[in-house]
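Here is how the chains run, residue by residue.
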Amino acid sequence: MIPAVVPFSLKEAPALIERLLPVQKLSAEVFKERKAGAGQTLVPLGAYWKGRKPLILNKACILGCLLPATDNPKRDLEIFEKLMAMDDESFVARWPRRAKPREILGTLSIAHVADYFVSDPPGLIPHSAPVDWSKPDLQHVKVNWRDDISELDRRHIEIQMLPRDPYRKRVEMARRPEEIIDTVHAHIWDDVNEHLGTSAHSFPQLVEQLGIMRFGHRPQLADTFSGSGQIPFEASRLGCDVYASDLNPVACMLTWGSFHIVGGSADAQAELECQQRRLVAKVLQEIDNMGIETDGQGWRAKAYLYCLEVLCPQSGWMVPLIPSRVLSYGKRAIAELVPDQINKRYNIVVRSGVTEQQLAAAAKGTIGRDARFSDAYLLHEVNGVSYKTKISTLRGDFEKPDGTIGNRIRAWEKTNFRPISDDLFQERLYAIHWMRPKGTSKSFEYEFRTVTDMDLERERIVESFVGKHLTEWQTKGWVPDMRIEPGGPPRYEGLSLIKARGWTHWHHVFPARHLMLLGLIRKYGSDANSLIMLSRILNYTSKLCIWSTSKPGSSKAGEGGRTGGGSDNPVNVFYNQALNTIYNYGCRGAVPILEMFNLKVVPSPCVGKMVVACHPAADLRISPDICITDPPYGDAVKYEEILEFFIAWLRKNPPPEFSDWIWDSRRSLAISGENEDFRRGMVAAYKRMTECMPDNGLQIIMFTHQSGAIWADMANIVWASGLQVTAAWYVVTETESAHREGSYVKGTVLLVCRKRQGLHKTTRDDLAWEIQEEVQRQVDDLAGLNQEAKGLYRDENVFEDADIQMAGYAAALRVLTRYSVIDGHDMTAEASRPRVKGEITFVDGLIAFAVDTANQCLVPQGISKGHWDKLSGAERFYLKMLDLEVRGAKTLDNYQNFAKAFKVRDFHAFMGDQRANHARLKSAVEFGRGEMSEGSEFHQSALRAVLFAVMELMKDVDGSEVLAHLMLNIPNYYGDMTQRELAVELADYLSKRLDVLRPDEASAARVLRELVKNQRLG
Ligand SMILES: C[S@@+](CC[C@H](N)C(=O)[O-])C[C@H]1O[C@@H](n2cnc3c(N)ncnc32)[C@H](O)[C@@H]1O
């Protein structure tokens, strides 16, 4: 009989994540998940949600909190990796194709083939492998695994068939563990149970048993900033009881959807599919009955293209505003503006199959800009005369007495849903993209056509339908009647929806066709599932969908590239985190929109109890054992503003499942920004969570790592909330495509915390020693584990320098936040004190001191501690990064992190390449004569002098001249003998590090070292 686990046997045990986390492997797995794009498990529910925390990262955090750290860290790591499917045996299952027995026998050396395999006909193959299958008598021999060979044994053998690639490369090739969730862990349970004293054969069993051992019951996990539900969903499918809450009802809805749709059973999903099919049929029936999307010739509208039209004040002509007249690069289709002299307007004629020149000419429309972010202007030509008018002039921009800019655009009335006749901006349909089934096959043919009178007649039908039903539908909540709040939502360029177009209510943002279609969907589908589908669809509707046509080599929205869809399609609204008004837009027809009801999700059953609630995090009312949260930190997405786009459609008459939630974004309660309000909001939330959790509860706070003040901020919040930091890890969470966007590489810091216990007091003097010891121990622990685990990692490190640095900081914070009173200061009160801009608080001082102490412990090999202590931050940065470069580090985030650590103000000045994945320092030659003068952080530094000397030697400057310059460039070279020793050490360090990287420079550094060593002074 399997012994039952003992309740509370792990009550006081440190959690695994407080000791170790294989962050390098985890980063590779996160990267893999991110790259799956729309294939990520929960993304189909709402691709519009930005900033999802990867499921694999969440799994690592949840397991890391439940698993104990034992006195055998190496085995802890091995077991953790098995649970994460990071071990070799799991890779056999994760590999796209498993090796066949014949392949195995043809490749591996196996002493007794019969120990593992049976052959048919028997007795023909040799006793031992490898087998030469080219022999004619072996051609038809079939080989199979013996029935009694376990899955684990098979995997042991198949491991040898996997390529011996570095982990990151392996992960690239392999499937994600969750794609084969039912089989990937088949081999692990005996080892897991033996190590942990459990008797589990699945995650829910393991989680329950570990929960009993730590907390006395199945663990309850809370995420009070649940967003799209990524953390609670993972917790629930692993087997935790879950409490998920968020201030925003759209977040609650997505979290609910993750539990009940993706986390529902296959049967529930099949039922949902039928229900949605019925809904689609009803809506389409109404549209088709009115004949508003078909031409009567078998064609159906795929998309309508609309533009604004405006009266040019100079020429008196009505001019369509179209930045590019290209409709399709594939079909070489363009919209041609044909002057109508009599009516002083343009007819818009669609031409397909035009020449390359015509296509190129059409890329220039009637909107121009002198530079990307400069003012747009209207541009057109009548009878050889060009007219150019700024859009701001058209709008009538003027400065108000309070200094803000107003304009003369009419604010739309609630009853409006299109411009009225004397509005400045009119709207015009200018082309239609039609589709028709190709014969009996499932594929379609497509064509772009000029708008006809019949098309305009169909427009009138839609408009009169919407006009007739708008008020009634608004009352019923089928279409929005909610106001757009002044000031938001955010946009990247240009003006807000209100200022740019006069739109005051959310329904103004949608074309009449979409108001009708979405209203009908809302009419026939008011249940919880349908509202989730409706929100998914909303992302592809409105007047904010840029028309996109593919052009090789371009992928940015608005540049004719493919963004948010295939070629010749309107892109999605949330291609970024803002709502931008545009001059022309694509409006998808009913069929392409309704097709989106066909939700493809892989069922992934959630097992624990699940509760979703809508309230501010500070109002938590339950007692979770573990809180894992990803709060809105710093420059994060302004969820409370952009999600009003959805709330407007969902808020009235919500289904019972959503009816307890407040259907309002409650901006004033949202935590955002980085200022005092942010800190206050965060402290209120984390204080409450801390109060609610048991004494042995755990918290993980995730946040992106960009702001320089991050450590001070987080330490203040943790301290003021009554928490103590116990560990910190840095996981790279962004994908390559995000890297390409700019040079900011984002990772996620995981701050592991516990309740601060007791009332410990200390003094600053004692702290110095304590921090030093703790950091040193932490560094040694991880470095030791690196050594021990060598075999596990095929020569890769478990922890890179940056990880050790992060752990070093955490160790420093661990010591600091353990204390309630330092030098007589009550730390909770100190940390809660409002910040005064520019002031360095007592806490800031302590943090800086702790971080400095941590940095002292991270001296690169080859530099003596005495010298290191004397170097400036910039010098330390250069030397440290060189060390990392030699070991293959190339990502810019490393440089960002270390620059912060060494307090380098502008590390860019030292960079030879700043591309996200090709970052490197400047060589001595690249520095040339730069960075010597007073403004530079390298000014008068020994390292700069040494690099200068190396550069001169590489340019064949005479040795004595080089030395003379060196003596001038290093302050007090004569007076202080240690300066000369430092120069020798730096030259030696450069020569050794650069040997492979830049051999010529290394050799110059060697020459310099000898020159200085042999120099006679005086
Ligand atoms: C960074 S997101 C969480 C993302 C989530 N982890 C995911 O993977 O999708 C932060 C969330 O905090 C919510 N929020 C902001 N202020 C809040 C408050 N005072 N109380 C509760 N939730 C709040 C926002 O609505 C947002 O959903």
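Refer to the preceding data block for the structure.
Here is a short report on the structure shown in this document. Computed from a prediction, not measured in an experiment: that's the story for all the values here.

1. Looking at the overall build of the protein
Then, number 1: Broken down by element type, the protein carries 37 helices and 29 strands.
Then, number 2: In summary, the protein has a C-alpha radius of gyration of 33 Å against a globular reference of 31 Å for 1018 residues, a match within 12%.
Then, number 3: Dimensions of the protein, computed from the C-alpha atoms along their principal axes, are close to 95 × 85 × 75 Å.
Then, number 4: Looking at the 1018 residues of the protein, the share that counts as buried comes to 58%.
Then, number 5: A fraction of 72% describes how many contacts in the protein between residues 6 or more apart in sequence connect residues 24 or more apart.
Then, number 6: Counting every atom, the protein has about 42,200 Å² of accessible surface; 51% of that belongs to carbon and sulfur.

2. Digging into unusual backbone geometry
Then, number 1: Put simply, Asp-120 and Pro-121 share a cis peptide bond, and its omega is -5°.
Then, number 2: By the secondary structure assignment, Pro-121 is in the loop between strand E1 (117-120) and strand E2 (142-145).
Then, number 3: Cis geometry marks the peptide bond from Ala-129 to Pro-130; its omega dihedral reads 5°.
Then, number 4: The residue Pro-130 is located in the loop between E1 and E2 in this model.
Then, number 5: The backbone of Asp-823 shows a phi angle near 50°, a positive value even though the residue is not glycine.
Then, number 6: Position of Asp-823 relative to the elements: it lies in the loop between strand E26 (821-822) and strand E27 (825-826).
Then, number 7: Overall, Asp-823 belongs to the partly exposed group, its relative accessible area being 38%.
Then, number 8: Despite not being glycine, Asp-956 shows a phi value in the positive range, around 65°.
Then, number 9: When you line up the elements, Asp-956 lands in the loop between helix H34 (942-954) and helix H35 (959-969).
Then, number 10: For Asp-956, a relative accessible area of 69% puts it in the exposed group.

3. Describing the pattern of salt bridges
It is possible for side chains of opposite charge to pair when their charged atoms get near one another.
Then, number 1: Inspection of the entire model under this criterion finds 63 salt bridges.
Then, number 2: The residue Lys-390 makes a salt bridge to Asp-375 at a minimum N-O spacing of 3.9 Å. Of the two residues, Lys-390 is situated in strand E12 (residues 385-390) and Asp-375 in the loop between strand E10 (367-369) and strand E11 (376-382); the sequence distance between them amounts to 15 residues.
Then, number 3: Judged by its relative accessible area of 41%, Asp-375 is partly exposed.
Then, number 4: Between Arg-777 and Glu-774 there is a salt bridge, and its shortest N-O distance comes to 2.7 Å. Here Arg-777 pairs with Glu-774, and both are found in helix H26 (residues 764-788), just 3 residues apart, close to one helical turn.
Then, number 5: Through salt bridges with shared partners, a single ionic network connects Lys-74, Arg-75, Glu-78, Lys-82 and Asp-191.

4. Here's the deal with the packing of helix H3 (residues 55-66) against helix H10 (residues 203-215)
Then, number 1: H10 packs onto H3 with a crossing angle of 40° between their chain directions and a minimal axis gap of 9 Å. Classified by the interaxial angle, the pair formed by H3 and H10 is oblique. Facing Lys-59, Leu-63, Cys-65 and Leu-66 of H3, the residues of H10 in contact are Phe-203, Val-207, Leu-210, Arg-214 and Phe-215.
Then, number 2: Of the residues that constitute the contact of H3 with H10, the class distribution is 7 nonpolar, no polar and 2 charged.

5. Observations regarding the pairing of E12
Then, number 1: Sheet analysis places E11 next to E12, joined by 6 bridges and oriented antiparallel. Its bridge partner lying in E12, Val-382 is registered against Val-385.
Then, number 2: The hairpin formed by E11 and E12 contains 2 residues between the paired strands, and Asn-383 there has a positive phi angle of roughly 45°.

6. Digging into the site of the ligand
Then, number 1: Neighbouring residues of the ligand: 23 residues in total, closest Lys-53, Ser-228, Asp-246, Ala-617 and Asp-630.
Then, number 2: Separating an oxygen atom of the ligand from a side-chain N or O atom of Trp-49 is a distance of 3.1 Å.
Then, number 3: Between a nitrogen atom of the ligand and a main-chain N or O atom of Leu-247, the distance comes to 3.3 Å.
Then, number 4: Relative to its free-state accessible area of 600 Å², the ligand is covered by the protein chains to the extent of 96%.
Then, number 5: Across the shell around the ligand, the residue classes tally to 11 nonpolar, 8 polar and 4 charged.

7. Side note on the sheet that holds strand E21 (residues 626-629)
Then, number 1: The strand order across the open sheet built from 7 strands is E20-E4-E3-E21-E22-E24-E23, with neighbouring strands paired in mixed fashion. Taken across any chain shown, the strands that pair with only one partner, and hence form the sheet edges, are strand E20 (610-614) and strand E23 (723-732). Neighbour to neighbour, the strand axes of the sheet diverge by 15° on average, direction disregarded.
Then, number 2: Relative to strand E24 (residues 747-755), strand E22 (residues 698-704) is paired through 6 bridges, and the arrangement is antiparallel.

8. Thoughts on helix H18 (residues 512-524)
Then, number 1: Given a rise of 1.5 Å per residue, 13 residues ought to cover 18 Å, and the 18 Å separating the end C-alpha atoms of H18 matches this to within 8%.
Then, number 2: For H18, the tally of buried residues reaches 11 of 13 residues, placing the bulk of the element in the interior.

9. Focus: the sheet that holds strand E25 (residues 761-762)
Within a sheet, adjacent strands bond to each other through the backbone by hydrogen bonds, running parallel or antiparallel.
Then, number 1: An order of E25-E26-E27 is seen for the 3 strands of this open sheet, with the pairing classed as mixed. Looking at strand neighbours, the two that pair on one side only are E25 and E27, the edges of this open sheet.

10. Some points on helix H32 (residues 892-901)
Then, number 1: Along H32, 9 of the 10 residues are buried, which leaves the element largely enclosed by surrounding structure.
Then, number 2: When H32 is considered as a whole, its buried residues turn out to be Leu-892, Asp-893, Asn-894, Tyr-895, Gln-896, Asn-897, Phe-898, Ala-899 and Ala-901.
Then, number 3: Just past H32, the residue Lys-903 takes up positive phi, approximately 55°.

11. A few points about the pairing of E21
Then, number 1: Burial along E21 is two-sided: Ile-626 and Ile-628 facing one way and Cys-627 and Thr-629 facing the other are all buried.
Then, number 2: In this sheet, E21 lies alongside strand E3 (residues 220-223) in parallel orientation, the contact comprising 2 bridges. Of the residues in E21, the one forming a bridge with Leu-221 is Ile-626.
Then, number 3: For E21 and E22, the ladder comprises 4 bridges, and the chain directions are parallel. Counterpart to Ile-628 in the pairing with E22 is Ile-700.

12. Thoughts on the nonpolar core
Then, number 1: Grouped together as the largest cluster of nonpolar side chains are 206 residues, with contacts concentrated most on Leu-83, Ile-521, Phe-645, Trp-729 and Leu-816.
Then, number 2: Broken down by element, the residue count for this core peaks at 10 residues, all from helix H27 (residues 801-816).
Then, number 3: What Ile-521 contacts, discounting residues up to four positions off in sequence, is Leu-279, Val-283, Leu-534, Ile-537, Leu-594 and Phe-597.
Then, number 4: Grouped together as the second largest cluster of nonpolar side chains are 54 residues, Trp-868, Phe-910, Leu-953 and Leu-994 included.

13. Notes on the side chain of Asp-76
Then, number 1: Here Asp-76 is to be found in helix H4 (residues 73-83).
Then, number 2: As a buried residue without a salt bridge, Asp-76 has its nearest oppositely charged side chain in Arg-19, at a separation of 5.6 Å.
Then, number 3: A polar atom in the side chain of Asp-76 sits 2.7 Å from the side chain of His-195.
Then, number 4: Residues contacting Asp-76, with those up to four places away along its chain left out, are Leu-16, Pro-68, Ala-69, Thr-70 and His-195.

14. Here we look at the packing of aromatic side chains
Then, number 1: For the structure shown, the criterion picks out 35 aromatic pairs.
Then, number 2: Measuring from ring centre to ring centre gives 4.5 Å for Phe-117 and Trp-145, while their planes differ by 35°; the resulting arrangement is tilted. A residue pair is termed long-range when its members are at least 10 positions apart, and Phe-117 in strand E1 and Trp-145 in strand E2 qualify at 28 residues.
Then, number 3: Taking 6.2 Å as the distance between ring centres and 80° as the angle between the ring planes, the aromatic pair formed by Trp-412 and Trp-503 counts as edge-to-face. Pair noted here: Trp-412 is in the loop between strand E14 (405-406) and strand E15 (426-437) and Trp-503 is in the loop between helix H17 (497-501) and H18, with a separation of 91 residues, a long-range link.

15. Observations concerning the environment of Asn-894
Then, number 1: Take Asn-894: it is sitting in helix H32.
Then, number 2: A C-alpha to C-alpha distance of 38 Å links Asn-894 and Lys-600, two positions 294 residues apart in sequence.

16. A look at the side chain of Asp-295
Then, number 1: Among the secondary structure elements, Asp-295 is positioned in the loop between helix H13 (266-290) and strand E5 (300-311).
Then, number 2: A polar atom in the side chain of Asp-295 sits 2.7 Å from the backbone nitrogen of Gln-297.
Then, number 3: A distance of 3.5 Å separates the side chain of Asp-295 from the backbone nitrogen of Gly-298, its partner in a polar contact.
Then, number 4: With near-sequence residues (within four places) excluded, Asp-295 lies in contact with Trp-434, Arg-449 and Arg-458.

17. Points about the environment of Gly-403
Then, number 1: Structurally, Gly-403 is set in the loop between strand E13 (398-399) and E14.
Then, number 2: For the pair Gly-403 and Lys-755, spaced 352 residues apart in the sequence, the C-alpha separation amounts to 50 Å.

18. Quick notes on the state of the cysteines
Then, number 1: A full pass over the atoms with the stated rule returns 0 disulfides.
Then, number 2: Cys-61 carries a free sulfur, and the closest cysteine sulfur to it, the one in Cys-65, is 6.8 Å from it.
Then, number 3: Since its relative accessible area comes to 0%, Cys-61 is described here as buried.
Then, number 4: Here Cys-692 stays unpaired: no disulfide links it, and the sulfur of Cys-627, its closest cysteine neighbor, is 7.8 Å away.
Then, number 5: Given a relative accessible area of 10%, Cys-692 falls into the buried group.

The rules behind each value
Residues numbered from 1 in each chain as written. Predicted model: local features only at pLDDT ≥ 70, side-chain atom pairs only at ≥ 80, totals over all residues. Heavy atoms only, no water. Helix = DSSP H or I, 4+ residues; strand = E, 2+ residues; numbered from the N terminus. Rg over C-alpha atoms; globule rule 2.2 N^0.38 Å. Buried < 20%, exposed > 50% of the residue type's maximum accessible area, 1.4 Å probe, protein only. Contact = heavy atoms within 4.5 Å. Areas by Shrake-Rupley, 256 points an atom, 1.4 Å probe, with all protein chains shown as cover. Salt bridge = Lys/Arg side-chain N within 4 Å of Asp/Glu carboxyl O. Axes fitted to C-alpha atoms, helices over the stretch in contact; angles between N-to-C directions. Parallel < 35°, antiparallel > 145°, perpendicular 65-115°, else oblique. Nonpolar A, V, L, I, M, F, W, Y, C, P; charged D, E, K, R; others polar. Pairing = 2+ DSSP bridges. Near = heavy atom within 4 Å. Polar contact = N/O pair within 3.5 Å; in protein donor to acceptor, adjacent residues only side chain to side chain. Expected span 1.5 Å × (residues − 1). Core = buried A, V, L, I, M, F, W, Y, C linked by side-chain atoms within 4.5 Å. Lys, Arg positive; Asp, Glu negative; His and termini not counted. Phe/Tyr/Trp six-rings, centres within 6.5 Å; stacked < 30°, edge-to-face > 60°. Disulfide = S-S within 2.5 Å.

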